[in-house]
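Summary of structural features
Chain residues, written in single-letter form:
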Amino acid sequence: MSPQEIIRKRRDGVELTREELEGFFRAYLENEITDYHMTAFLMASAFRPLTMYETHTITDIYIRSGGRVDLSAIPGVSVDKHSTGGVGDKTSLLLVPIVAAAGVRVPMISGRGLAHTGGTLDKLESIPGFRTQLSPSEILRILSDTGMVMAGQSESLVPLDRRIYALRDVTATVEILPLIAASIMSKKIAGGAQALVLDIKSGRGAFMRDRSQAEELAMLLMAVGEEFALPAVGLITDMDEPLGLAIGNWLEVVEVVDCLRGRETRDLMEVTYALAGLMIYLGRKAASIGEGITVAREVVRKGLAFERFVQLVSAQGGDTAVIEDTLRYPNANSIVELRAPRSGVLRSVDALRLGRLAVELGAGRSRVTDDVDPTAGIVLARKCGDRVEEDDVLCRLYSSTVADLSMLRSNALKAFEFGDEDFPLSTKIFSYFDRDAIVPWAEVAPMS
Ligand code: URA
């Protein structure tokens, strides 16, 4: 069937057969059809939701587009984690060494920045020499040697997700729940994970703006997991305000190093410890989620997680000298400070606006072929709920490609909303879900 006919059926909401989907996706991978055909198919899926059958089939086609990592010979339960994408969300870089230090094997397969959200691969590749394009056999070797590995989609691992993910990034076709589910679950299944923890972001800076969409995605991910026999649980977490202080690739690595060395950012580590607790519990190194959280805190406090991070960087070819001493890394060419126009209490900090600004500064892409500027981004000096005086620094903007950063000041300032009254800080974790139910997090881990 011609690509036009497949696109027409998709546009009209006619369910496609496995043969039709396989033919269309194979032709794309082999460059027999173009990005504009695929974009039309993806965009049609924004208006005509893919059925459950089509979602499972596309997930399967993605998985079989490359090799698969077989972890059955490795003892213990290998646990991966995935976030649906947020601004300043560097939890993956923290979780891998923390959970590995707790004795659980972590084979993590991640993606690049998508739209205004940052990508784990771009963050890792800001470390000079760090290799994320690994073959299934390299993934297996590094995992066997160190108990952890962080890799991306490649020519040999879910290449279809690699191509389509990059295309969705620049064609406004990210926020389509079945495509998100196929993209996430195919990476995890191909990467060989035996259990999965999901972090579904909800709020202004997330692809799921409201809680009901996040819950819908949670259930969809659970259904795909069940179809492919991958047990999964997860959290729905807040993404109204950027997570932590730094937004942008190397800037986020610096915050990770700080946190692993004991200078913890409160909201970032709240989410990290909760996810780590779930991973350690699923990996059978704790008898409960609460105990898993305690173990995670301990390995950070004792410096074991930082040691594991250095080991990870070394195993994947990265320069450990810049991790041991982050000041050795080159600074961005331009840095400007943004100062408070008035005194008051910071009522909100808009993650979407700052995520888009970080892309403009060079931290993300607007074309598939764009390189990212590893030094670009934003570092917050104040967070929601903080009291500020007029002229205090709110944040700093960094870029090596935008010559005149002062032009972006007024746009950046719109991200900060001021009030006068103090207010209590709320948790960043809304709920926990598994295949049976979605329940408030406070009921699952009251002491965390
Ligand atoms: N993360 C992914 O891996 N894929 C998506 O589509 C969204 C977030």
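Residues numbered from 1 in each chain as written. Predicted model: local features only at pLDDT ≥ 70, side-chain atom pairs only at ≥ 80, totals over all residues. Heavy atoms only, no water.

**Overview of the domain arrangement of the protein**
- By domain assignment, the protein separates into domain 1 (3-48), domain 2 (79-325 + 428-447) and domain 3 (331-419).
- A straight line from the C-alpha centre of domain 1 to that of domain 2 covers 30 Å.
- Of the residues lining the interface, 11 residues belong to domain 1; the matching set on domain 2 comes to 11 residues.
- Taking both partners together, domain 1 and domain 2 bury about 1,100 Å²; carbon and sulfur atoms supply 76% of that area.
- The three residues of domain 1 that bury the most area against domain 2 are Tyr28, Leu29 and Leu42, which together make up 51% of that side's buried surface.
- Seen at the junction of domain 1 and domain 2, the total is zero salt bridges.
- At the boundary of domain 1 and domain 2, one finds two residue pairs in polar contact (both at pLDDT 80 or more).
- Secondary-structure elements contributing two or more residues to the side of domain 1 that touches domain 2 are helix 2 (18-29) and helix 3 (35-47).
- Per element, the largest residue contribution to the side of domain 1 that touches domain 2 is seven residues, and it comes from helix 3.
- For the side of domain 1 that touches domain 2, a count of residues per class yields seven nonpolar, three polar and one charged. (Domains from an automatic or database assignment. Contact = heavy atoms within 4.5 Å. Buried area = accessible area lost by both parts, 1.4 Å probe. Salt bridge = Lys/Arg side-chain N within 4 Å of Asp/Glu carboxyl O. Polar contact = N/O pair within 3.5 Å; in protein donor to acceptor, adjacent residues only side chain to side chain. Helix = DSSP H or I, 4+ residues; strand = E, 2+ residues; numbered from the N terminus. Nonpolar A, V, L, I, M, F, W, Y, C, P; charged D, E, K, R; others polar.)

**Focus on the site of the ligand**
- Close contacts around the ligand come from His82, Ser83, Thr84, Leu114, Tyr165, Arg168, Ile180, Ser183, Ile184 and Lys187, and that covers them all.
- In the environment of the ligand, a nitrogen atom lies 2.7 Å from a nitrogen or oxygen atom belonging to the side chain of Ser183.
- Within the complex, 98% of the 240 Å² of free accessible area of the ligand lies under protein.
- Breaking the shell around the ligand down by element, the ones donating at least two residues are strand 1 (79-83), helix 8 (159-169) and helix 9 (177-190).
- Counting residues per element, the shell around the ligand draws most heavily on helix 9, which supplies four residues.
- When the residues that make up the shell around the ligand are grouped by side-chain class, the tally is four nonpolar, four polar and two charged. (Near = heavy atom within 4 Å. Areas by Shrake-Rupley, 256 points an atom, 1.4 Å probe, with all protein chains shown as cover.)

**Regarding the environment of Gly290**
- Tracing the sequence through the fold places Gly290 in helix 13 (residues 289-301).
- For Gly290, a relative accessible area of 36% puts it in the partly exposed group. (Buried < 20%, exposed > 50% of the residue type's maximum accessible area, 1.4 Å probe, protein only.)

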